[in-house]
Amino acid sequence: VQLVESGGGLVQPGGSLRLSCAASGFTFSRYAMRWYRQAPGKERELVAAITSGGGSKHYATSVKGRFTISRDNAKNTVYLQMNSLKPEDTAVYYCNADLLGTVYWGQGTQVTVSS
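Residues numbered from 1 in each chain as written. Predicted model: local features only at pLDDT ≥ 70, side-chain atom pairs only at ≥ 80, totals over all residues. Heavy atoms only, no water.

A. Spatial organisation of the environment of A74. With respect to the helices and strands, A74 occurs in the loop between strand 7 (67–72) and strand 8 (77–82). Remark: the alpha-carbon pair of A74 and G55, spanning 19 residues in sequence, is separated by 15 Å. (Helix = DSSP H or I, 4+ residues; strand = E, 2+ residues; numbered from the N terminus.)

Next up, the structure:
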């Protein structure tokens, strides 16, 4: 199983970024996917989740209305569209898959929101 995130970077407050997570090594379309983030000195927190078919999504209160999770099962990829970014969104963002109790993480991608 491999999860590879991309799309992070430095953006000004109010800006946007789209993160991607390319998955391989398992039947992507059968599993829910999640995005987590971890800021310096803080615990890793769940940002957004999406069911296997994409029909149901969950968001942390702090990002609701600003972030959108989506997936393309034909491309084995899950996305996180982040709009109206705030400095407090600065963190390393991780893709996560829970395959029947075995949890896999990507290497993370840094998002920095600063003027």
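This is not the end of the story, as more comes after the structure.
B. Broad picture of the side chain of R66. Among the secondary structure elements, R66 is positioned in the loop between strand 6 (57–59) and strand 7. Exposure remark for R66: the relative accessible area of 10% places this residue in the buried category. Of the polar contacts made by the side chain of R66, one reaches the backbone oxygen of S62; its length is 2.9 Å. Within polar-contact distance, the side chain of R66 engages the backbone oxygen of S84 at 2.9 Å. Once residues within four sequence positions are removed from consideration, R66 is found in contact with Q81, M82, N83, S84, L85, K86 and D89. (Buried < 20%, exposed > 50% of the residue type's maximum accessible area, 1.4 Å probe, protein only. Polar contact = N/O pair within 3.5 Å; in protein donor to acceptor, adjacent residues only side chain to side chain. Contact = heavy atoms within 4.5 Å.)

C. Up close: unusual backbone geometry. Within the chain, N76 stands out as a residue other than glycine whose phi angle is a positive 50°. On the secondary structure map, N76 appears in the loop between strand 7 and strand 8. Judged by its relative accessible area of 27%, N76 is partly exposed. Backbone geometry places L100, a non-glycine residue, at a positive phi of 55°. The topology assignment puts L100 in the loop between strand 9 (91–99) and strand 10 (102–105).

D. Geometry of the packing of aromatic side chains. The full count for this structure, using the stated rule, is 4 aromatic pairs. Residues F26 and F28 carry aromatic rings whose centres are separated by 6.2 Å and whose planes lie at 55° to one another, so their mutual orientation is tilted. Each member of the pair, F26 as well as F28, is classed as buried. The interplanar angle of 65° and the centroid separation of 5.9 Å between the aromatic rings of F26 and Y31 together place this pair among those described as edge-to-face. Through pairs of rings, three or more aromatic residues link up here, namely F26, F28 and Y31. (Phe/Tyr/Trp six-rings, centres within 6.5 Å; stacked < 30°, edge-to-face > 60°.)

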